[in-house]
Amino acid sequence: MIDSKTVKEALKKKRVRSEEAFGLEYLRFNDDHKDIPRGTVIFKDFIVWGYPHIGRIFMLETGLKEQFEYPFWVEEKVDGYNTRIFKYGDKYYALSRGGFICPFTTDRLPDLIDLRILDENPDLVICAEVAGPENPYIEESPPFVKEDVQLFVFDFMKKNELKFLSHEEKMELIERYNLPHVQVLGRFTSSEEDIRKIKEILRRFNEEGREGVVFKEDSERNKRAKYITSYANLMDIKFNAKNMLQLPPEYYTNRILRLVLFMLEEGLERTEHLYEELGRAFIDGLFEAIDQFQREHKVYKTFSCRFRKKENALALLELLSKTSKHIQVKEKRLEKEGDYWRLEFDKVYLNMTGLLGHLLSGGIVYD
């Protein structure tokens, strides 16, 4: 549990904020505080702990040997957004990574997962990734989700507890309730033979356009680490070129470094096609941003998603507007389509819009 003294300290440092959504009032840790991870939420009756940070391995062979003392499970890392699902009273809710109750995910839960698991296990918290082209947060989508969104369970926690269920307990629940889940690729060690097998998996993932893997040690300490393919690093650069001014320089330099190290370790060739793709990832987004500004005087991306209830679509727009300081959220369309409400909206990147307006009108910038 989290004592009142700790909460008061966090409030004083502005690491905790009071929130309200769906008629629930709660405290949300908007930043790490001592051993409390960002995204931790305190309700009247219980705590849902934030999903802990997972470190990243840059070099597979040395990284696995250095980080893991015991055998570990390898699971696919799906390219989507993190959510934690729980039951409060007779209703179900989904939290974002930052601890907001997400109107979109909460609205769509009955479509995405069999919620009987929470009826029969009310202390459970489901940790999952939501991915697909029709999500309101990120432009990237895994190649195996062609429309709408899908949910993939990867962990379970319990209310008030900052630890995960074991792999065996997790898989038993997944099988009992037939839950959608991330691909479990096997149990490995850091032996030369197993590292060779893991490299083969990652080379295949790279060719298929998949994001990467997560390593989870099969031990009491449950150490974790993630490793990303060069394809995923390239796509991160490509999809965020329009928002370049809002991201720190290390966002890009880290991804270029990870891309190169992946290729080096996997023995992938340095080809003209690679150089062309890396350049295109940066340049095409900027050309598109300039073209957008010249036509419409703004730089933006359009998102489209479907809701069961209209009020949840409106709640999402309100949440995005509240949490996006450097992005303006503008509704384009909210109409009934069959059994769902279709929401389309733009995210206007204010920093890039402002800079292009300044530069294209003849302004100067001091380096």
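Residues numbered from 1 in each chain as written. Predicted model: local features only at pLDDT ≥ 70, side-chain atom pairs only at ≥ 80, totals over all residues. Heavy atoms only, no water.

Chemist: Give a detailed account of the packing of aromatic side chains, specifying residues and quantitative values.
Modeler: Counted under the stated rule, the structure contains 20 aromatic pairs. Considering the side-chain rings of Phe43 and Tyr88, the 5.5 Å spacing of their centres and the 70° angle between planes classify their relative orientation as edge-to-face. Linking Phe43 in the loop between strand 3 (41-42) and strand 4 (47-48) with Tyr88 in strand 7 (residues 81-88), this pair joins segments that are 45 residues apart in sequence. Judged by relative accessible area, Phe43 falls into the buried class, the value being 5%. A connected cluster of aromatic rings, assembled from ring pairs, spans Phe22, Tyr26, Phe43, Phe46, Phe86, Tyr88 and Tyr93. (Phe/Tyr/Trp six-rings, centres within 6.5 Å; stacked < 30°, edge-to-face > 60°. Helix = DSSP H or I, 4+ residues; strand = E, 2+ residues; numbered from the N terminus. Buried < 20%, exposed > 50% of the residue type's maximum accessible area, 1.4 Å probe, protein only.)

Chemist: Would you mind going over the environment of Lys216 in detail, with residue names and values included?
Modeler: Within the secondary structure layout, Lys216 lies in strand 12 (residues 212-217). With 176 residues separating them along the chain, Lys216 and Thr40 place their C-alpha atoms 22 Å apart. Those residues in contact with Lys216 that lie beyond four places of it in its chain are Phe72, Trp73, Glu75, Phe154, Asp155, Lys170, Asn222, Lys223 and Arg224. Within the local environment of Lys216, its side chain forms a polar contact with the backbone oxygen of Phe154, the two atoms lying 2.8 Å apart. (Contact = heavy atoms within 4.5 Å. Polar contact = N/O pair within 3.5 Å; in protein donor to acceptor, adjacent residues only side chain to side chain.)

Chemist: Before we move on, could you go through helix 9 (residues 272-296) and cite the residues and values that matter?
Modeler: Here helix 9 spans 35 Å end to end across 25 residues, near enough to the 36 Å set by a 1.5 Å rise per residue. Taken together, the buried positions of helix 9 are occupied by Leu274, Ala281, Gly285, Ala289, Gln292 and Phe293. Its buried side turned inward, helix 9 meets helix 7 (230-239), helix 8 (249-266), strand 14 (300-307) and helix 11 (350-360). His297 sits one or two positions beyond helix 9 and adopts a positive phi of about 65°. (Expected span 1.5 Å × (residues − 1).)

Chemist: Just give me the short version of the side chain of Glu217, but keep the residues and values in it.
Modeler: For Glu217, the location among the structural elements is in strand 12. Of the residues examined, Glu217 reaches a relative accessible area of 2% and is grouped as buried. For Glu217, the side chain forms a polar contact with the side chain of Arg221, separated by 2.6 Å. Contact partners of Glu217, with chain neighbours within four places excluded, come to Gln67, Phe68, Glu69, Tyr70, Pro71, Phe72, Asn222 and Lys223.

Chemist: Give me the environment of Ser321: which residues, what numbers.
Modeler: If you trace the backbone, Ser321 turns up in helix 10 (residues 310-323). Along the backbone, Ser321 and Lys347 are 26 residues apart, and their C-alpha atoms lie at a distance of 9.5 Å. A distance of 2.9 Å separates a polar atom in the side chain of Ser321 from the backbone oxygen of Leu317.

Chemist: Got a sec to walk through the nonpolar core? Specific residues and values, please.
Modeler: Core analysis: the biggest nonpolar cluster contains 36 residues, and Ile117, Val153, Phe156, Leu343 and Phe345 have the highest contact counts within it. With sequence-adjacent residues up to four places away left out, Val153 is seen in contact with Ile113, Ile126, Cys127, Ala128, Ile174, Leu179, Pro180, His181 and Val182. Val41, Val78, Leu95 and Ile101 belong to the second largest nonpolar core, which has 27 residues in total. (Core = buried A, V, L, I, M, F, W, Y, C linked by side-chain atoms within 4.5 Å.)

Chemist: Provide a residue-level description of the pattern of salt bridges, including the pertinent values.
Modeler: Per the stated rule, a full pass over the model turns up 44 salt bridges. A salt bridge links Lys301 to Glu139; the nearest nitrogen and oxygen atoms lie 2.9 Å apart. Taken together, the positions of Lys301 in strand 14 and Glu139 in the loop between strand 9 (124-131) and strand 10 (150-158) put the pair 162 residues apart, joining distant regions of the chain. Note on Glu139: relative accessible area 39%, which makes it partly exposed. For Arg333, the salt bridge goes to Glu335, with nearest N and O atoms at 3.0 Å. Salt bridges sharing common partners tie together Arg108, Asp111, Glu134, Asp148, Arg306, Arg308, Arg333, Glu335, Glu337, Arg342 and Glu344. (Salt bridge = Lys/Arg side-chain N within 4 Å of Asp/Glu carboxyl O.)

Chemist: Break down the packing of helix 3 (residues 103-112) against helix 10 for me, with residues and values.
Modeler: Contact pair helix 3 / helix 10: the axes reach a minimum separation of 8 Å and the direction vectors enclose 155°. Our classification of the angle between helix 3 and helix 10 gives roughly antiparallel. Residues Pro103, Phe104 and Asp107 of helix 3 lie in contact with helix 10, whose contacting residues are Asn312, Ala315, Leu316 and Leu319. Looking at the contact of helix 3 with helix 10 residue by residue, the classes come out as five nonpolar, one polar and one charged. (Axes fitted to C-alpha atoms, helices over the stretch in contact; angles between N-to-C directions. Parallel < 35°, antiparallel > 145°, perpendicular 65-115°, else oblique. Nonpolar A, V, L, I, M, F, W, Y, C, P; charged D, E, K, R; others polar.)

Chemist: Pulling in residues and values, what's your account of the pairing of strand 9?
Modeler: Within strand 9, eight of the eight residues are buried, which leaves it mostly tucked inside the rest of the structure. Residue alternation in strand 9 divides its side chains into two sets, Leu124, Ile126, Ala128 and Val130 and Val125, Cys127, Glu129 and Ala131, and both sets are buried. Inspection of the sheet shows strand 7 paired to strand 9 by five bridges, in the antiparallel sense. Within strand 9, the position partnered with Thr83 by the bridge is Ala128. Across eight bridges, strand 9 lies against strand 10 in antiparallel orientation. Considered in strand 10, the bridge of Cys127 is made with Asp155. (Pairing = 2+ DSSP bridges.)

Chemist: Requested: an account of the sheet that holds strand 10, with residues and values cited.
Modeler: Sheet strands pair via backbone hydrogen bonds, and the direction of the pair is either parallel or antiparallel. The strand order across the open sheet built from four strands is 8-7-9-10, with neighbouring strands paired in antiparallel fashion. Because the sheet does not close on itself, it has two edges, and the strands there are strand 8 (91-96) and strand 10. Taken over all neighbouring pairs, the strand axes of this sheet differ in orientation by 30° on average, direction set aside. Contacting strand 7, strand 8, strand 9 and strand 10, helix 3 crosses the sheet at an angle of about 125° to strand 8. Contacts from helix 5 (residues 167-176) reach strand 9 and strand 10 within the one sheet, and its direction differs from that of strand 10 by about 135°.

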